[in-house]
Structure formats: C-alpha cells, structure tokens
Amino acid sequence: MKYLTFLIVATAVLLFHGSARAGPYSLEIIVRQFDVVDNHTIISPFSSNPNNISINNEGEVAFLAKVFGPNGQGWGVMTQNRFIAGAGKLVDGRRVGFDNQDHTVKINNLGQVTYTGFLLDAVSGRGVFVDETLIAERGDVIDGRTILSPDFGPAINDDGTVVFLARQADEGGERGPFGVFTPDRLVVESGQVIDGFTIGKPFGVEISNTGEIFFYTFLSGFGDDPSMSIVTPDRIVFKPGDVIDGQRVDLIDSFTLSENGDVVMSFWRLSDGVREDKFVATETEILVRTGDVVDGLTLEFAFDERMNDAGQLAFFGSVKNETGDDQHLVLFADDQIIAAEGDLLAGKIIEQLRGFDMNRQGDLAFFVKFEDSSKVIVLANHIQIPEPSAFVLAVTALITFFHVVGRRTPRAIRRRRARRAEIR
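Residues numbered from 1 in each chain as written. Predicted model: local features only at pLDDT ≥ 70, side-chain atom pairs only at ≥ 80, totals over all residues. Heavy atoms only, no water.

**Remarks on the overall build of the protein**
Next up, step 1: Broken down by element type, the protein carries 2 helices and 40 strands.
Next up, step 2: Across the protein, every contact between residues at least 6 apart in sequence was considered, and the portion connecting residues at least 24 apart equals 46%.
Next up, step 3: Summing over all exposed atoms, the protein offers an accessible surface of approximately 20100 Å²; the carbon and sulfur share of this is 49%. (Helix = DSSP H or I, 4+ residues; strand = E, 2+ residues; numbered from the N terminus. Contact = heavy atoms within 4.5 Å. Areas by Shrake-Rupley, 256 points an atom, 1.4 Å probe, with all protein chains shown as cover.)

Structure (structure tokens):
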C-alpha cells in the first residue's frame, strides 16, 4: 500500500510540473454598467467603434467607456482597474475629450495605454497620449516635419514605442502628405516608393515587439481594381494578386500582428467584382476559409482575426442556424466556440457580440450586449491543462517499474525458499 501511495503522489507531482496544453475557456464578466472605477461610474462600457478594446498578458483590459465622474460626464479611456482620461479630467494639464467613435486604445504588457483625444483647449486637432502624458500634438516638429492633427489609432509595443499617423504641413503650412511617425522620427510618408509601388495615405498602423511597423495603404498602378495593401517601410507584405497557399488575394479586408510581428489577415476572393469566399491567412498559409467547419459550425466568413505568439487563432465567424435562415456571430478561439449571439450568459441572452482582443496566454476580452440592452465586457480565461513532458513520462515509467519490482521481489524470494524446503 505504501508503494501504491508513493506512486500516485509522485506521478501527480511530476505530471503537474510538465508542460501545459490548451484546454477549455471559463467566462467571467469583468465590467458592467454602473461599476465604479476611480470614482467614475460606467454608464456604457463600449462605444460605436468596435476596436476599442485591448488586453495585455496580465489580463488588464483597456477600453473607451461613457462615464460619470467628479468632473462631469463623457467618454473616457480606462481599464477595469483605473480611469485614465476623459469626462472632464485634466491630463498632462490639458482638457481632453472623446466622442462615441474614431478613438481606439492599445495597452502593452507594461500596462501603458496609448490613445488619441481631442485637445479641447486648442484651436483644433487631437493629441497622442501614453497614459497621462501628452507625447504629440498639432504644431510639433518631428524629424524636421511639422505635423498637423494626428489621426486616431496609435499603437504601442512592450518597449513603450508609440507609432501614430498624422498629416504633415507643407512648406506653406498647408495640408501636405500623410506620414507614419514615432515621437522622434518620420517612419514613412505617402508618395514614397516601396518595392516599386507608390504608396498612398497610410492608416491602420501596428508595431511589433521587435520594432517592425506595419500599416494599410493604397498602391498606385492598379487602375480601378482594389489596391488596398499591407506594407512596412521596407516591403509590400500583401497586395492584390498575391497567391497564398494556392489562393489568389483579390480584396484585403483587415490585418493584425502577433507580438513578435507575425501577420495574420483576412481577404476576399472576387468573382466578377462580387465577394465570394473569404480567407484568413498568414504570409504563407491559409488558416480559415468560407465553408470550414469549426467546433461543429460552418463558416459563412471570418473577420477581426487575432493570432498570438503561441499560434492560437481567434476570430469572429458569421454562421447560420440549422434552418439556414438566420445569420449570427460567433467568437471562436483555438478551434473552440467561446460565445455566440443567442447564447445564454449569466442568465441573459446575448444579443450582440462586437470587438475583442487576445493575449499571449490565449485569454480574450470582448464586448457583449444582452437582449435587455445591458452591456458588459467579458473575460474568457484560457484554462491550461498540465501535460506530461517526455522526461516526466520516463520518470513515471521508472516509478512504475520500481513499484512492480518492489511488490514482486518478496514473493519470488518466498517461492525460492519454499522450493528449497521441499527439496530438503
């Protein structure tokens, strides 16, 4: 019995010190209407812009919410733990405002949040912020260029490097070319030639933890055909006409980055100018396509894709019910259904899913609107199931062997003694 107890305990300890494999998800509502954070009461936890949500590896979620606080009511940037800007609060000595759209937030793994806000004490324009520090505004001179109002949608990596979009002033102070900037340099501007193509206005900028910068732009030379492309300052990453895994790219829809800079994007196949099938792909491989069955559901199309450094893919999928007469959204991750419109969550029916983000562990944060019109932010925790490594399996086998030997040796000795006694 002692040997058996030792075997069970030792094996359990070793197993739980092995590697982990993907398991199911547990859902938790982390933000509700009327929650109070830093003396600010949440009236609505998400805005009309579906991309106003970002999660880091510590599980802190940044978002834009409508709140009521000590300095008034309005839209503001916050996380579930702290209120950062908006609703009358002075930020770096400035009055900053937001509206229901055209503002996005990004949080890095240091907890730094970057965003743009209207500078209400200026004549016009936005400022770019990191937490409560203003890092760029109209009239700043960066790399010899005077910037006009920065555009919405800055990005930040784990080094704290912020990249943003802004129009430059020309020599006469008028509206000049658009550029991708960091606070201390011009990265690229419209009109530049990259891989033989002249780029247009950059937008939708992203930055990896290796410092590589990606953005959308239109390319010249495509005539009336779609020319939306994904570009870095050094190369064209994706453009219409490229072939991935045997499939021609016709119309690029969206893209995101993993932390280490792997690109995942979605694109359409066109037939006589009409959208037919949709694909989610990396630079070398198609991951999901129209008609794929994921966790028992057939995809009409996928969008808003995310991929982490572990290669886990998450996306919204449009699917139909069993009768085929109702199309609704489902959030998928790691080949599993996370949530679906029409599902029951916390005793309420999900009416609408919109906007999500995923971190390195595979945890997801996403917006939910229920049929009773209440709105929440949900955290889907990715449960890690311990998995034995080769070393653990080998040690377990040895434990089993010695257990068997330990149990059998006394019997063998007794048999030999018995035979000797018979001979005598």
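**A short note on the packing of aromatic side chains**
Next up, step 1: Taken as a whole and judged by the stated rule, the model has 14 aromatic pairs.
Next up, step 2: With a centroid separation of 6.1 Å and an interplanar angle of 40°, the aromatic rings of Phe-301 and Phe-303 are classed as tilted.
Next up, step 3: The exposure class of Phe-301 is partly exposed, given its relative accessible area of 23%.
Next up, step 4: Three or more aromatic residues joined by ring pairs make a cluster, and in this case those are Trp-268, Phe-301, Phe-303, Phe-316 and Phe-356. (Phe/Tyr/Trp six-rings, centres within 6.5 Å; stacked < 30°, edge-to-face > 60°. Buried < 20%, exposed > 50% of the residue type's maximum accessible area, 1.4 Å probe, protein only.)

**Some details on the environment of Leu-120**
Next up, step 1: Relative to the elements of secondary structure, Leu-120 occurs in the loop between strand 11 (113-119) and strand 12 (126-130).
Next up, step 2: With residues near it in sequence (within four places) discarded, Leu-120 still touches Arg-95, Val-96 and Gly-97.

**What about the pairing of strand 7 (residues 83-86)?**
Next up, step 1: Relative to strand 7, strand 6 (residues 72-79) runs antiparallel, the two sharing 3 bridges. Bridging from a neighbouring strand, Met-78 pairs with Phe-83 of strand 7.
Next up, step 2: The turn joining strand 6 and strand 7, which pair antiparallel and follow one another in sequence, is formed by 3 residues. (Pairing = 2+ DSSP bridges.)

**Examining the sheet that holds strand 31 (residues 286-289)**
Next up, step 1: Taken together, 4 strands build an open sheet; the order of strands is 28-29-30-31 and the sheet is antiparallel. In the strand order of this sheet, the two ends are held by strand 28 (251-257) and strand 31, each with one partner. Along the sheet, successive strands turn relative to each other by an average axial angle of 25°, direction set aside.
Next up, step 2: Across 7 bridges, strand 29 (residues 263-271) lies against strand 30 (residues 274-281) in antiparallel orientation. Following the sheet pairing, Ser-271 is matched in strand 30 by Val-274. (Axes fitted to C-alpha atoms, helices over the stretch in contact; angles between N-to-C directions.)

**Section: the pattern of salt bridges**
Next up, step 1: For the coordinates displayed, the defined rule picks out 19 salt bridges.
Next up, step 2: Among the salt bridges present, the one from Arg-82 reaches Asp-131, with a minimum N-O distance of 3.6 Å. With Arg-82 in the loop between strand 6 and strand 7 and Asp-131 in the loop between strand 12 and strand 13 (133-137), the pair connects residues that are 49 residues apart, well separated along the chain.
Next up, step 3: Measuring nitrogen to oxygen at the nearest pair gives 2.9 Å for the salt bridge that ties Asp-253 to Lys-278. Here Asp-253 is found in strand 28, whereas its partner Lys-278 is found in strand 30, with 25 residues between them in sequence.
Next up, step 4: Asp-253 sits in the partly exposed class, given a relative accessible area of 33%.
Next up, step 5: Because the salt bridges share partners, they merge into one network encompassing Glu-60, Arg-82 and Asp-131. (Salt bridge = Lys/Arg side-chain N within 4 Å of Asp/Glu carboxyl O.)

**Focus: the pairing of strand 23 (residues 213-218)**
Next up, step 1: A large share of strand 23 lies buried, amounting to 5 of its 6 residues.
Next up, step 2: As paired elements, strand 22 (residues 203-207) and strand 23 share 3 bridges and run antiparallel to each other. Directly across from Glu-206, in strand 23, lies its bridge partner Phe-214.
Next up, step 3: Between strand 22 and strand 23, which follow one another and run antiparallel, lie 5 residues, and Gly-211 among them has a positive phi close to 90°.
Next up, step 4: Of the strand pairs in this sheet, strand 23 and strand 24 (residues 228-231) are connected by 4 bridges, and their pairing is antiparallel. When the bridges of strand 24 are listed, Thr-217 appears paired with Ser-229.

**A word on the layout of surface pockets**
Next up, step 1: Roughly 1100 Å³ of internal volume is contained in the largest pocket.
Next up, step 2: Along the wall of the largest pocket there are 47 residues; nearest its centre are Lys-106, Glu-206, Phe-255, Thr-256 and Arg-306.
Next up, step 3: For the lining of the largest pocket, the secondary-structure elements that each account for two or more residues are strand 4 (53-55), strand 10 (105-107), strand 16 (155-156), strand 22, strand 28, strand 33 (297-307) and strand 38 (348-358).
Next up, step 4: Looking at side-chain class alone, the lining of the largest pocket contains 18 nonpolar, 17 polar and 12 charged residues. (1 Å grid on protein atoms, 1.4 Å probe; cavity = no way out; pocket = protein on both sides within 12 Å on 5 of 7 lines; lining within 4 Å. Points joined across faces, edges and corners; volume = space filled by probe spheres on them. Nonpolar A, V, L, I, M, F, W, Y, C, P; charged D, E, K, R; others polar.)

**A word on unusual backbone geometry**
Next up, step 1: Even without a glycine there, the phi angle at Asp-143 is positive, about 55°.
Next up, step 2: Of note, Asp-143 is situated in the loop between strand 14 (141-142) and strand 15 (145-150).
Next up, step 3: By relative accessible area, which is 42% here, Asp-143 ends up partly exposed.
Next up, step 4: Phi is positive for Ser-373, which is not a glycine, with a value near 80°.

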